[in-house]
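The primary structure of each chain is shown beneath.
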Amino acid sequence: MKSYHALIVFAILLGSTLLLGLDRYRQAEDAVLDELQRALTATLQEHRYATVSPDTIRDFRSHLRTPQLRQSAYLSLRAVESGGAGSRPHYRMQAHAGFTPFMLLRLSDQRGTWLLLTVTLLWGIGSVLWLKTHRQPLPLLFVGNLGYDAAEQRFYTPGRAVVPLTPMQRDLMRLFFDTPTHRLDKSVICDALWPKKPDASETLYTLIRRLKTVLSAHSNLEIDNERGQSYSLKIRGVGKCQ
C-alpha cells in the first residue's frame, strides 16, 4: 500500500463521517420542527385566540413528546399586516425549540456517525503504523564508508548505525558531502558555521580536532589540513575520496 492510497481512503472515510453526521443533524432538526408544528396546531385548536398565557404554554408543552423540548420550547406572537391602510394587524403564534446547535446535535442519533468516525481513526492510526513499519529507507550518499541520509540529516555507518555527531559536527560534515571535491576553504567553513564571528579560527580548530576522533572511530575517513587554508575529507590510507 502506498501512502497516497492510505490518504485517499482516509479522506473518503472522513468525508463520509462528516456527511453522515450532518444528515443525522438535519433529520433531528426536521423532526423537531415537525413536532413543534404538530403541538402548535393542537394548541391552536384548543385556544381560539392568538394569545400567549401560562395556560397556553402549558398546553403547548403537553403536546410535545420529546423531554428536552418540553423544557425549552416556547411560544411567541408575530404581527402580520392585514394589508389595508389603518387596519389593525393580526398576530400569528409561532413555536420555537429554544435549542442551541449543540443541544440539537446531542438530540440527533449519531451512533452511526461515531461508529464510522472510530473506523476512520483506526484506519488512520493503522495506516501510519503500517507505512512507518514498511517504509523503505532512502539510499544513502556514501563518501568512503560513511553514509549520509539527506531526509533525516544523519550520518550512518555501513551497518546503518547512527554516527554520534554534535549538531555543529553534523553541519560541517554536510558541507563536506555537498561539495563535489570534498574540499573546503577555511573561510567558507567559518562563514557558513559562524557568520557573525569575526575570527573563528580557534573554534574551527577545536571542531575539526573533535570531529577527527569521531570519524576515526566510525569510518575510514579523515580530515586533512592543507597549509592551514583549507580542509579536505579523504579516505584513510588512500587519500582521495571516490
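Preceding this paragraph is the structure being described.
Here the structure is a predicted model, which is why all the values come from computation and not from measurement. (Residues numbered from 1 in each chain as written. Predicted model: local features only at pLDDT ≥ 70, side-chain atom pairs only at ≥ 80, totals over all residues. Heavy atoms only, no water.)

A. Structural detail: the pattern of salt bridges. One pass over the full model with this rule turns up ten salt bridges. One salt bridge connects Asp23 with Arg24, and the closest N-O pair in it is separated by 3.2 Å. Assessed through its relative accessible area of 36%, Asp23 is described here as partly exposed. Given a relative accessible area of 26%, Arg24 falls into the partly exposed group. Its salt-bridge partner being Asp55, residue Arg58 comes within 2.7 Å of it at the nearest N-O pair. (Salt bridge = Lys/Arg side-chain N within 4 Å of Asp/Glu carboxyl O. Buried < 20%, exposed > 50% of the residue type's maximum accessible area, 1.4 Å probe, protein only.)

B. Inspection of the side chain of Thr43 at higher detail. Within the fold, Thr43 resides in helix 1 (residues 3-46). Not counting the four nearest positions on each side in its chain, Thr43 is found in contact with Thr56, Asp59, Phe60 and His63. (Helix = DSSP H or I, 4+ residues; strand = E, 2+ residues; numbered from the N terminus. Contact = heavy atoms within 4.5 Å.)

C. Broad picture of a nonpolar patch on the surface. Residues Tyr4, Ile8 and Ile12 make up a contiguous nonpolar surface patch of about 310 Å² in total accessible area. If you trace the backbone, Tyr4 turns up in helix 1. (Patch = residues over 30% accessible without salt bridge, like charges linked within 9 Å, V, L, I, M, F, W, Y side chains within 5 Å. Areas by Shrake-Rupley, 256 points an atom, 1.4 Å probe, with all protein chains shown as cover.)

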